[in-house]
Amino acid sequence: MAYPKIEIMVNTAGLDAITAGMRERLVSVVGIAAGQVETRAKQLVPVDTGATKNSIQQYPSDGGLVVAIGPSTSYAPYLEFGTRFMSARPYMTPALESVRFQFLEAVRQVMEGKSG
């Protein structure tokens, strides 16, 4: 028995024109948000010697579409999450939350072609 064959073809001509510049605008949005998170984390981090505050940095990858932000001191997670002997004193999570809605709105606007 022969089965009907259906071919589906998607013409992607012009797709590059639609997305042209989108990556650059998204990289810009991510970079701005990362800078805001870094700044806010440095404002919120508990300071004794200042080592953790001074170690908070951005680590971009994927051409700037991904940016990890955080401290490099060995005890930084204990400050953020606490221990059985010490209450948590979060600074990275609140810093991220402080820019979340602005970031999502900026990404939405880029995706809709409105701005970046």
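Details of the structure are given in the entry above.
Residues numbered from 1 in each chain as written. Predicted model: local features only at pLDDT ≥ 70, side-chain atom pairs only at ≥ 80, totals over all residues. Heavy atoms only, no water.

### What to know about the overall build of the protein chain
So, point 1. Counting its secondary structure elements, the protein chain contains five helices and two strands.
So, point 2. Beginning at the N terminus, the succession of helices and strands in the protein chain can be written as α-α-α-β-β-α-α.
So, point 3. In summary, the protein chain has a C-alpha radius of gyration of 21 Å against a globular reference of 13 Å for 116 residues, an excess of more than 25%.
So, point 4. Each of the three principal axes of the protein chain carries a C-alpha extent, and together these read 75 × 40 × 20 Å.
So, point 5. In the protein chain, the share of contacts with a sequence separation of at least 24, taken over all contacts with a separation of at least 6, comes to 49%.
So, point 6. For the protein chain, the exposed area adds up to about 8,300 Å²; of that, 59% sits on carbon and sulfur atoms. (Helix = DSSP H or I, 4+ residues; strand = E, 2+ residues; numbered from the N terminus. Rg over C-alpha atoms; globule rule 2.2 N^0.38 Å. Contact = heavy atoms within 4.5 Å. Areas by Shrake-Rupley, 256 points an atom, 1.4 Å probe, with all protein chains shown as cover.)

### Here's the deal with the side chain of T52
So, point 1. When you line up the elements, T52 lands in helix α3 (residues 51-55).
So, point 2. Looking at T52, its side chain comes within polar contact range of the side chain of Y75, at 3.4 Å.
So, point 3. Apart from residues no more than four positions distant in its own chain, T52 is found in contact with V45, P71, T73, Y75, A76, L79 and Y91. (Polar contact = N/O pair within 3.5 Å; in protein donor to acceptor, adjacent residues only side chain to side chain.)

### Some words on helix α5 (residues 92-111)
So, point 1. With 20 residues, α5 should reach 28 Å at 1.5 Å per residue; the first-to-last C-alpha distance of 27 Å fits that figure.
So, point 2. The sharpest bend along α5 reaches about 45 degrees and sits at R100.
So, point 3. Three or more residues of α5 are buried, namely M92, A95, V99 and V110.
So, point 4. Where α5 is buried, its residues touch α2 (22-44), β2 (66-70) and α4 (76-81).
So, point 5. G113 lies just past α5 and shows a positive phi near 80 degrees. (Expected span 1.5 Å × (residues − 1). Bend = angle between axes of the 7 residues up to and from the residue. Buried < 20%, exposed > 50% of the residue type's maximum accessible area, 1.4 Å probe, protein only.)

### Overview of the pairing of β2
So, point 1. Bridge count between strand β1 (residues 57-61) and β2: five bridges; the pairing is antiparallel. In the sheet register, P60 faces β2, and the bridge partner there is V67.
So, point 2. Here β1 folds back onto β2, and the loop between the two strands holds four residues, one of which, D62, carries a positive phi near 50 degrees. (Pairing = 2+ DSSP bridges.)

### Thoughts on the environment of A88
So, point 1. Along the chain, A88 turns up in the loop between α4 and α5.
So, point 2. Residues A88 and F103 lie 15 residues apart in sequence; the distance between their C-alpha atoms is 26 Å.
So, point 3. Once you skip the residues sitting within four places of it in the chain, A88 turns out to touch L79, E80, F81 and G82.

### A short note on α2
So, point 1. A rise of 1.5 Å per residue sets the reference length of α2, with its 23 residues, at 33 Å; its end C-alpha atoms lie 33 Å apart and thus fit the reference within 8%.
So, point 2. Taken residue by residue, α2 has M22, L26, V29, V30, A33, A34, V37, E38 and A41 as its buried positions.
So, point 3. At its buried positions, α2 is contacted by α1 (15-19), β1, β2 and α5.

### What to know about the packing of α2 against α5
A packed helix pair is summarised by two numbers, namely the angle formed by the two axes and the spacing between the axes.
So, point 1. The geometry of α2 relative to α5 is characterised by a closest axis approach of 8 Å and an angle of 165 degrees between their N-to-C directions. What the angle tells us is that α2 and α5 run roughly antiparallel. The handedness of the crossing between α2 and α5 comes out as right-handed. Touching M22, R25, L26, V29, V30, A33, Q36, V37, R40, A41 and L44 of α2 are M92, P94, A95, L96, S98, V99, Q102, F103, A106, V107, V110 and M111, all from α5.
So, point 2. Looking at the contact of α2 with α5 residue by residue, the class counts come to 18 nonpolar, three polar and two charged. (Axes fitted to C-alpha atoms, helices over the stretch in contact; angles between N-to-C directions. Parallel < 35°, antiparallel > 145°, perpendicular 65-115°, else oblique. Left-handed = near helix turned anticlockwise from the far one by under 90°. Nonpolar A, V, L, I, M, F, W, Y, C, P; charged D, E, K, R; others polar.)

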